[in-house]
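# Tertiary structure, described
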Amino acid sequence: FSPITYSDHLSPPSNLSLTRDVCLQYSPPEELNGSYGFEIKEMRKLLDGHNVEERDWLYGLMMQSNLFNRKERGGKIFVSPDYNQTMEQQREVTMKRIWYLLQKGVFKGWLTETGPDAEQKKFALYEVCGIYDYSIIAKLGVHFLLWGNAVKFFGTKRHDDKWLKDTEDYVVKGCLVMTELGHGSNVKGIETVTTYDPRTGEFVINTPCESAQKYWIGEAANYATHAIVISQLNINGTNQGIHVFIAQIRDQDGNICPNIRIADCGHKIGLNGVGNGRIWFDNLRIPRDYLLNSVANVSSDGQYVSAIKNPDQRFGAFLAPLTAGRVTISSSAIYSAKLGLAVAIRYSLSRRAFSAVDNGPEVLLLDYPSHQRRLLPLLAKTTPETNKAIHVVSSGFKAVLTWHNMRTLQECREACGGQSVKTENRVGHLKGDYDVQTTFEGDNNVLMQQVSKALFAEYVSCKKRNKPFKGLGLEHMNSSRPVLPTQLTSSTLRCSQFQKNVFSLRERDLLERYTSEVAQLQGRGESREFSFLLNHQLSEDLSRAFTEKAILQTFLDAEAKIRAGSIKDVLGLVRSMYALICLEEDPSLLRYGYLSRDNVGDVRREVSKLCGELRPHALALVTSFGIPDAFLGPIAFNWVDVNAWSSV
Amino acid sequence: MASHSQVLVEEKSSVRILTLNRPKQLNALSFHMDPSVKLVILKGQGRAFCAGGDVSAVVHDIRQGNWRLGANFFSDEYMLNYVMATYSKAQISILDGIVMGGGAGVSVHGRFRIATENTVFAMPETALGLFPDVGASYFLSRLPGFFGEYVGLTGARLDGAEMLACGLATHFVPSARLTALEADLSRVDSTDPTFASTILDGYTQHPHLKQQSAYHRQVLDVIDKCFSGRTVEEIMCALEREASHEADDWILATIGALKKASPASLKISLKSIREGRLQGVGQCLIREYRMVCHVMKGEISNDFVEGCRAILIDKDKKPKWEPWRLEDMKDSMVEHYFKRVEGCEDLKLPARKNLPASAIAKL
C-alpha cells in the first residue's frame, strides 16, 4: 500500500467533517406523506366489510398476552410467532394460543349460532387469527370449518346435539380425513373402503394398501380426537361411491384408538404450528349412526337408501359444504398479501437508495417508477371483496387469489431487500406458510379447469335449448358483441363501461373459441374429457378471463354503492389499475386481436400513469388494511433504531 | 391562560425545574423551546404533584352555554400532552404525592416518572361522567394485559410501588432522597437521556408491593380474565361470576366502582382504550379531543355536568346518571362520541421534526 493511503487513514484530511449530519436518519412514512387523501376509517370499513370492532378486540387480545411472543423492538411492541422453536414446540404453543382464545370467548357461537351476522363475525375473527399466524387458522379451519361444518351439514339433528357444542368448546378436537397418499385432487378415486356388517350393525373402515393411507391430515399428528372420514362405501358388493363417516381416533387422554395407526407427516416448509398426520384404518368398526346420513342412509339390515339417485350428484352434494373452505382460503390469501404490501410499502416510504443528482439526497424507493410498478398494481389486485363468491366463482377466485398472494409475497420480499430475509420482518416467512394454498383444497390448475368445464356446460346447454344466458355472469352474451374503440385515450381506458366491454369481449371470445375447439375434436371422435385436455391452454385463458371479470365486477359493485367523494375517487383509480394491469399482463389481447399493438401500448402507458397517481395514496391504502403496527415487521417502522447497538 | 406565579421556575445551569403551584401547566411549553435547556424536571408543591385539570371551571362554562371555552382548555391541554410525548429533551416528573387525571397527562408522557412512597395515582374520570383523557387511551392501553382497562374503568388508585411495577413510573425514590436526587440531576449538561438515566438508576429502589395490592399475580389473572371482555356488560358479568366463587374485598370494591360510574362513561372509556391500543399517541389525542367535545356538548348524555355537580360541587356523591343502565347506552350512542364534531375542527397537532427514536416509536 502506498504511504499516502496509510497516512490518510491515520489522520483524515481536515476537509472531511464527521458530523452527525452525514448519518442516515429514519423518517416515518407519515412525516413526508402529508395528510391522507381520504378517511382511513371509512376505507377500512369498506375493505374489511364487516365486524371492524370485533377484529380490533381480537387484535388487542393477542397483543396483550405473552403467549403470542410479545417483543419490544425499538420502543414498539410486536407480536409474531417464534419460528426458531422446534416443530414440537411450535405445535404445543399454537395449541395453547387456541385455548387462550377459547377462554376469552373468541369461538363462542361458531357452530351453535346461525344466521348471516354470526357467520360474518366468525369469518372476521378467523381472518384476524390468520394475520397473526396461518398455523392457527389451519387448525381452526380443520376443526370448525371442516369437522364442525361437516357434522352440521351432513349430519342430522341427532348428530348436531351430540357434537356441535362439544366442538365449540374444544371438548372434542376434529379433523377431516379425505386426502390419501395416492389421491388428492381426484377425491372420487380414493381407496379407503367401508363396508357394513349387519350382524353387529357396524360399519367397517379399512385401508387396503399403502397408497390408501390418509395423508396431510391437519391436527391428526398430535391432538385430533374425532375425524370426518371420507371413504368409498361398499354395500352388498356394490360400490355406492364416496360417503362421509365419523370415527373417533383418540380417547380423551390422547391415546390413539385401537385399529388405527397414525404417523407424522414430518417437518414442513411452513405451517409447523399444525401437525399433519398419516392414518391407516385396520378394519375399524364404527356404529351405524356414525354415517353422516343427510344425503344417504343404510338401514339396520344393510339396505342402501339415498334421496339422490345419481352417484355423481350425490358426490357433488357431499363436497358442497366443503367449498365454504374455499372462500376462507381466498380471504386469508388476500390478508396475507395485505400484510406483505403493508410492510413493503411502508418500508419503501422510508428507505432511500441512490441520488438522482450529484450530492443530492438519495431517492425514496417508492419514488422510483419501477418500484411503483412492482408494488402498486399488486396493491390494486389485493383490494377486492371476496366473501360473496358462489361455487364456480369461488374455485376461480381461490386459484387466482392464492397465486396472486404468492406472487405478491415474492415481490414484497424482493422489494425489501435483505431485511425481508430476516424472519422477524414477516414477509419472507409468509411465503413458506402460504405456499400450500395453491395446491390444497383443490390444486389451482385443476380448479381452473373446472371453471372452464362449468362454463362449457352452461354454454352448450343454453345453445342447445336456445335459452338466453342466465347466471355465472354470462348475461352479457345475450347482447351483441361489444365493439371497442380503435383510439384509446386515457379517459376511455379509465371508463368503467370500456373496461367491462373488454373483459366481456375477452370472456365471450375465449368461451366461443374453447367450445368450438372442443366440439371440433369431439367431431373427430375424441372423448369430451380428452378434448378438454388437449385445449388446456385455452381453458386456462378462459378461466382466468372469467375470474378476472368476476373480480372486476366486485370492484364496480362496491364503487356503485359509495356516494361521490374522495373514497369513490380513489377506488376508481384502484379499479382502473386492476382492469388495466390485467389487460397488460394477458397475451390473449394481442394473440386474439381484441386490442391492436398501439392499443396495448396505450394500456401500458396508462398503467404507469396510474402508478404515479396512486403513489400519494399508497400509505393511506395500506393503513386502511387495519393491520395494527404490532402485527407488521419492524422494518415497517424505525428500522435504524431497531438495529441500533442499544437495541441488542 | 396561566400566570407565572402558578409555576415556580428555577434555573440551574442547563436544567430548568418547574414547580407546579396550581394545576395549570402551560408555562412548561415556553421553556422547552429554549435550546440551552438540556433537561426538564417537573414537580409539585405540597401534597400533590397535580390533581388534574380544573374541570369545575369547564363545567361552569358548559352551564353558561359556553362549551367551546371548555374545548379550548382541553385542546391546549392535549397539545401540551402531545408536545411532552414527543420531546427531544428528557422530562423528569417527580410524583411525590397525588397524581390524577390531567396530572398524569403532564407526567406519564415524559421520559422519566419518579414515584415515591407518597404517590397516589388514579384516572378517576368515569366517576365524573368524563373518560380517561390526556392521552390515557395511549398509555393505559399499553400497560400489561388488561390492567389498563381496569385502571381506566374503575378509577382504581395505585401507589408508587404499583406504578413502578406496571410501568407507569420508571423509577422509585424515597421522598427523603429527592433533594439529593434533584441536586445530582441539576448537574446534567447533556440532552442525552443516558446521563439522567444513570443517575436515576443509582437512586431507584424496588419496593415490595403491599399485601392487598391488585398487582399480585392472582388478582392480575382475574383482571386479565374479566377486563379482556368485549363489552362493559361482559366485563361486569365476568366479575360477578368471579365474585360468586370468592367474594374478596378487592372484587367487591371493583364491582362497586363500576356500578357507581356513569354507564355512558364506562362504554366510551372502554372503546377509547381499545382503539388507543392500536393507535399512536397523536391519533389518540385527536380522537380524545373529539370525544371530549361531544361530552361537553352533552347531546347524548349530560353526565359530565351531573358528575361534577355530585362529586365536586354539591358533593352529595349521588349522581343521577342518564342513561342509568348500561343496556340503555346503545352502540350507536357510543359511536357518536367518536365522530367528527360538527362545527369544531379536529385537534391540529404541531408538526414535529427531528424526533428522537423514542418519540417516533409513539407515533
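In this text the structure is predicted, and so the values were computed from the model without any measurement.

### Here's the deal with the overall build of chain B
Assigned secondary structure in chain B consists of 17 helices and 10 strands. Its C-alpha atoms give chain B a radius of gyration of 20 Å, near enough to 21 Å, the size a compact globule of 363 residues would have. Taken along its principal axes, the extent of the C-alpha atoms in chain B is 60 × 50 × 40 Å. The buried share of chain B, taken over its 363 residues, is 59%. In chain B, once contacts between residues fewer than 6 apart in sequence are set aside, the share between residues at least 24 apart is 70%. Distance between charge centroids for chain B: 2 Å, based on 43 positive and 43 negative side chains.

### So, the overall build of chain A
Secondary structure summary: chain A contains 23 helices and 15 strands in total. Relative to its length of 648 residues, chain A is compact, with a C-alpha radius of gyration of 28 Å against a globular reference of 26 Å. Taking the principal axes of the C-alpha coordinates as reference, chain A spans close to 100 × 65 × 55 Å. The buried share among the 648 residues of chain A stands at 55%. In chain A, 73% of the contacts between residues at least 6 apart in sequence involve partners at least 24 apart.

### As for the UniProt feature "binding site: FAD" (unreviewed entry) in chain A
Residues and elements named next belong to chain A. Annotation from UniProt places "binding site: FAD" (unreviewed entry) at Thr-179 and Gly-218. For the residues just named, distributed over 40 residues, the greatest C-alpha separation is only 10.5 Å, placing them together at one site. Note that Thr-179 resides in the loop between strand 3 (174-177) and strand 4 (193-197). We classify Thr-179 as partly exposed; its relative accessible area is 26%. Those residues in contact with Thr-179 that sit more than four places away from it in its chain are Gly-184, Gln-213, Lys-214, Tyr-215 and Ile-217. Along the chain, Gly-218 turns up in strand 6 (residues 214-218). Given the relative accessible area of 9%, Gly-218 is considered buried. Not counting residues up to four positions away in its chain, the partners in contact with Gly-218 are Val-142, Cys-175, Val-274, Gly-275 and Asn-276.

### Regarding the pattern of salt bridges
Residues and elements named next belong to chain A. Under the counting rule described, the total for this entry stands at 67 salt bridges over all chains. Lys-214 serves as the salt-bridge partner of Glu-180, at 2.9 Å between the closest nitrogen and oxygen. With Glu-180 in the loop between strand 3 and strand 4 and Lys-214 in strand 6, the pair connects residues that are 34 residues apart, well separated along the chain. Each of the two residues, Glu-180 as well as Lys-214, counts as buried. The partner of Arg-285 in a salt bridge is Asp-197, with the nearest N and O atoms 3.0 Å apart. In this pair, Arg-285 sits in strand 11 (residues 284-287) while Asp-197 sits in strand 4, placing the two residues 88 residues apart along the sequence. Under the relative-accessibility criterion, Arg-285 is labelled partly exposed at 40%.

### Observations regarding the nonpolar core
One finds Leu140(A) and Phe121(B) to be the most contacted residues of the largest nonpolar core, which totals 282 residues. Setting aside its immediate chain neighbours within four residues, Leu140(A) contacts Ile98(A), Phe107(A), Trp110(A), Tyr126(A), Cys129(A), Leu145(A) and Tyr170(A). Counting residues in hydrophobic clusters, the runner-up holds 17 residues, among them Val15(B), Ile114(B), Ala196(B) and Leu200(B).

### Topic: the interface of chain A and chain B
Every contact between the two is made by 24 residues of chain A and, on the other side, 26 residues of chain B. Note on chain A versus chain B: buried area summed over both sides is about 1,800 Å², and carbon and sulfur give 51% of it. Counting the surface chain A buries against chain B, the share from its top three residues, Glu53(A), Trp57(A) and Gln64(A), is 31%. Our enumeration of links across chain A and chain B arrives at 5 salt bridges. A salt bridge links Glu54(A) to Arg230(B); the nearest nitrogen and oxygen atoms lie 3.6 Å apart. Here the element with the most residues in the side of chain A that touches chain B is helix 4 (residues 52-63) of chain A; it accounts for 8 residues.

### Focus on the domain arrangement of chain A
For chain A, the domain assignment lists domain 1 (52-157), domain 2 (174-309) and domain 3 (444-467 + 487-615). One C-alpha centre belongs to domain 2 of chain A, the other to domain 3 of chain A, and the line joining them spans 41 Å.

### As for the packing of helix 19 (residues 566-585) of chain A against helix 21 (residues 597-614) of chain A
All names here are of chain A. Packing of helix 19 against helix 21 leaves a shortest axis separation of 9 Å and a crossing angle of 145 degrees. The two elements helix 19 and helix 21 meet at a crossing, and its hand is left-handed. Note on element contacts: helix 21 touches helix 19 through Val-603, Arg-604, Glu-606, Val-607, Leu-610, Cys-611, Glu-613 and Leu-614, opposite Leu-573, Val-574, Ser-576, Met-577, Leu-580, Ile-581, Leu-583 and Glu-584. By residue class, the composition of the contact of helix 19 with helix 21 is 11 nonpolar, 1 polar and 4 charged.

### Considering a positive patch on the surface
All names here are of chain A. There is a patch of like positive charges on the surface, built from Lys-464, Arg-465, Lys-467 and Arg-528. Relative to the helices and strands, Lys-464 resides in helix 14 (residues 444-465). Judged by relative accessible area, Lys-464 falls into the exposed class, the value being 70%.

### Some words on the side chain of Ser80(A)
Residue and element names in this part refer to chain A. With respect to the helices and strands, the residue Ser-80 is situated in the loop between strand 2 (76-79) and helix 5 (87-103). Owing to a relative accessible area of 15%, Ser-80 belongs among the buried residues under this scheme. Non-local contacts of Ser-80, meaning those with residues more than four positions away in its chain, are made with Phe-68, Asn-69, Tyr-132 and Arg-426.

### Some points on the sheet that holds strand 6 (residues 98-100) of chain B
In a beta sheet, neighbouring strands pair by backbone hydrogen bonds and run either parallel or antiparallel. With respect to topology, 4 strands assemble into an open sheet ordered 4-6-8-9 (chain B), the strand pairing being mixed. The outermost strands of the open sheet, each flanked by one partner alone, are strand 4 (48-50) and strand 9 (158-159) of chain B.

### Some words on unusual backbone geometry
Excluding glycine, residues mostly have negative phi values, and the peptide bonds linking residues are mostly trans. In the segment running from Glu322(B) into Pro323(B), the intervening peptide bond is cis, with an omega of 5 degrees. Secondary-structure assignment places Pro323(B) in the loop between helix 15 (303-313) and helix 16 (331-336). One non-glycine residue, Asn259(A), lies in the positive phi region at around 70 degrees. Tracing the backbone through its elements, the reader meets Asn259(A) in the loop between strand 8 (238-248) and strand 9 (260-264).

### A few points about the packing of aromatic side chains
Inspection of every chain in the model, using the stated rule, returns 33 aromatic pairs over all chains. Seen from their ring centres, Tyr78(B) and Tyr289(B) are 6.4 Å apart, and the 85 degrees between their planes marks the pair as edge-to-face. Taken together, the residues Tyr78(B) in helix 3 (residues 67-85) and Tyr289(B) in helix 14 (residues 281-297) connect sequence positions 211 residues apart. The burial state of Tyr78(B) is the same as that of Tyr289(B); both residues are buried. One aromatic cluster is present, formed by Tyr59(A), Phe68(A), Tyr100(A), Tyr132(A) and Phe631(A) through successive ring pairs. Sitting over the face of the ring of Phe123(A), Lys122(A) holds its NZ or CZ atom 5.7 Å from the ring centroid. Positioned over the ring face of Trp639(A) is Arg351(A), at 5.1 Å from the centre of the ring.

Procedures and definitions
Residues numbered from 1 in each chain as written. Chains lettered and ligands numbered in written order. Predicted model: local features only at pLDDT ≥ 70, side-chain atom pairs only at ≥ 80, totals over all residues. Heavy atoms only, no water. Helix = DSSP H or I, 4+ residues; strand = E, 2+ residues; numbered from the N terminus. Rg over C-alpha atoms; globule rule 2.2 N^0.38 Å. Buried < 20%, exposed > 50% of the residue type's maximum accessible area, 1.4 Å probe, protein only. Contact = heavy atoms within 4.5 Å. Lys, Arg positive; Asp, Glu negative; His and termini not counted. Charge placed at Lys NZ, Arg CZ, Asp CG, Glu CD. UniProt positions renumbered as here; feature names shortened; annotations may be inferred. Salt bridge = Lys/Arg side-chain N within 4 Å of Asp/Glu carboxyl O. Core = buried A, V, L, I, M, F, W, Y, C linked by side-chain atoms within 4.5 Å. Buried area = accessible area lost by both parts, 1.4 Å probe. Domains from an automatic or database assignment. Axes fitted to C-alpha atoms, helices over the stretch in contact; angles between N-to-C directions. Left-handed = near helix turned anticlockwise from the far one by under 90°. Nonpolar A, V, L, I, M, F, W, Y, C, P; charged D, E, K, R; others polar. Patch = residues over 30% accessible without salt bridge, like charges linked within 9 Å, V, L, I, M, F, W, Y side chains within 5 Å. Areas by Shrake-Rupley, 256 points an atom, 1.4 Å probe, with all protein chains shown as cover. Pairing = 2+ DSSP bridges. Phe/Tyr/Trp six-rings, centres within 6.5 Å; stacked < 30°, edge-to-face > 60°. Lys NZ or Arg CZ within 6 Å of the ring centre and 35° of its normal.

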